[in-house]
Amino acid sequence: MNIELERIAINDAEKLWKLQVDAFQDLYNKYQDTETNPATEPIEKIIMRLEQPYTYYYYIKADGDIAGAIRVVDTKEDGEPKRISPIFIIRKYRNKGIAQKAINEAEMIHGTSIWELSTILQEEGNCHLYEKLGYYRTGHTEKINDEIGR
């Protein structure tokens, strides 16, 4: 499967927002995390991020079809970490290695040094993906609610 990243423009904010809401709905239903789950974000937050000069949103395309999206925060300043927040794959394309390839593509575009990300500790599949790619747990955790930490 061919995986490519395609930069998302501001005029695609609504499409991106709808994809994000759909992709994160299962996690929202599971944890009821209204304050930090991307499924509950208003479209205005997506628009604000798309307007940031250090934010790069990309569609993740699998053989030409949109399979999800990834946001890279990259200030392009020496020593400043790059951040993935969020990355998501829509249900139909999950568990096919697409997220792993998308992260590799993002690293090729933005460089391989000094990256950070956050995820839900209870979601072992997410943790496994990131650790497989060479990311490691720092030991810093936050309690989001009674059900989840990251």
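Look up a bit, the structure's there.
Remember, it's a predicted structure, so these values are computed and weren't measured experimentally.

### As for the nonpolar core
With 38 residues, the main nonpolar core has Leu16, Ile60, Ile70, Ile87 and Ile98 as its most contacted residues. Secondary-structure elements contributing two or more residues to this core are strand E1 (3-7), helix H1 (13-31), helix H2 (43-51), strand E2 (55-62), strand E3 (65-73), strand E4 (82-89) and helix H3 (98-110). Looking at this core, the element that brings in the most residues is H1, giving 8 residues.

### A few points about the packing of aromatic side chains
A full pass over the atoms with the stated rule returns 1 aromatic pair. Ring centres of Phe24 and Phe88 lie 5.7 Å apart, and the angle between their planes is 70°; on these two criteria the pair is classed as edge-to-face. One end of the pair, Phe24, is in helix H1; the other, Phe88, is in strand E4, and 64 residues separate them in sequence. In this structure, Phe24 and Phe88 share a single accessibility class: buried.

### Concerning unusual backbone geometry
Going from Ser85 to Pro86, the amide bond is cis rather than trans, its omega being -5°. By secondary structure assignment, the location of Pro86 is in strand E4. Backbone geometry places Lys76, a non-glycine residue, at a positive phi of 65°. With respect to the helices and strands, the residue Lys76 is situated in the loop between E3 and E4.

### Observations concerning the sheet that holds E3
Pairing is mixed across the open sheet formed by 5 strands, whose spatial order is E1-E2-E3-E4-E5. Only two strands of the sheet have a single neighbouring strand rather than two, namely E1 and strand E5 (115-117). If you compare each strand with its neighbour and ignore which way they point, the axes differ by 30° on average. Relative to E5, E4 runs parallel, the two being bridged by 3 bridges. Across the sheet, Lys82 pairs through a bridge with Trp115, a residue of E5.

### A few points about the pairing of E4
Counting buried positions along E4 gives 6 out of 8 residues, so the element sits mostly inside the fold. The sheet contact formed by E3 and E4 spans 5 bridges and is antiparallel. Pairing of Gly68 across the sheet is with Ile89, part of E4. Each parallel crossover has a hand, and for E4 linked through H3 to E5 it is right-handed.

What counts as what
The numbering scheme is per chain: residues are counted from 1 as the chain's sequence reads. This being a predicted model, a pLDDT of at least 70 is required before a residue's local features are given, and a value of 80 or more before pairs of side-chain atoms are given or counted; all residues contribute to the totals for chains, interfaces and linings. Each side-chain value is worked out from all heavy atoms of the structure, with water and hydrogens disregarded. Only buried residues count toward a nonpolar core. Its members are Ala, Val, Leu, Ile, Met, Phe, Trp, Tyr and Cys residues joined through side-chain atoms within 4.5 Å. Exposure is judged per residue with a 1.4 Å probe applied to protein chains only, and the accessible area is read against the type maximum: over 50% gives exposed, under 20% gives buried, and values in between give partly exposed. Only DSSP runs of H or I covering at least 4 residues are called helices, and only runs of E covering at least 2 are called strands; the numbering of each starts at the N terminus. Side-chain rings of Phe, Tyr and Trp, where Trp is taken by its six-membered ring, are said to pair if the distance between their centres is within 6.5 Å; with planes under 30 degrees apart they count as stacked, over 60 as edge-to-face, and otherwise as tilted. DSSP bridges decide pairing: two strands pair if at least two such bridges lie between them. To get an axis, fit a line to the C-alpha atoms, keeping to the stretch in contact for a helix; angles then go from 0 to 180 degrees between the N-to-C directions. Handedness of a crossover is defined as follows: with both strands directed away from the viewer, a clockwise route from the first strand across the helix to the second makes it right-handed.

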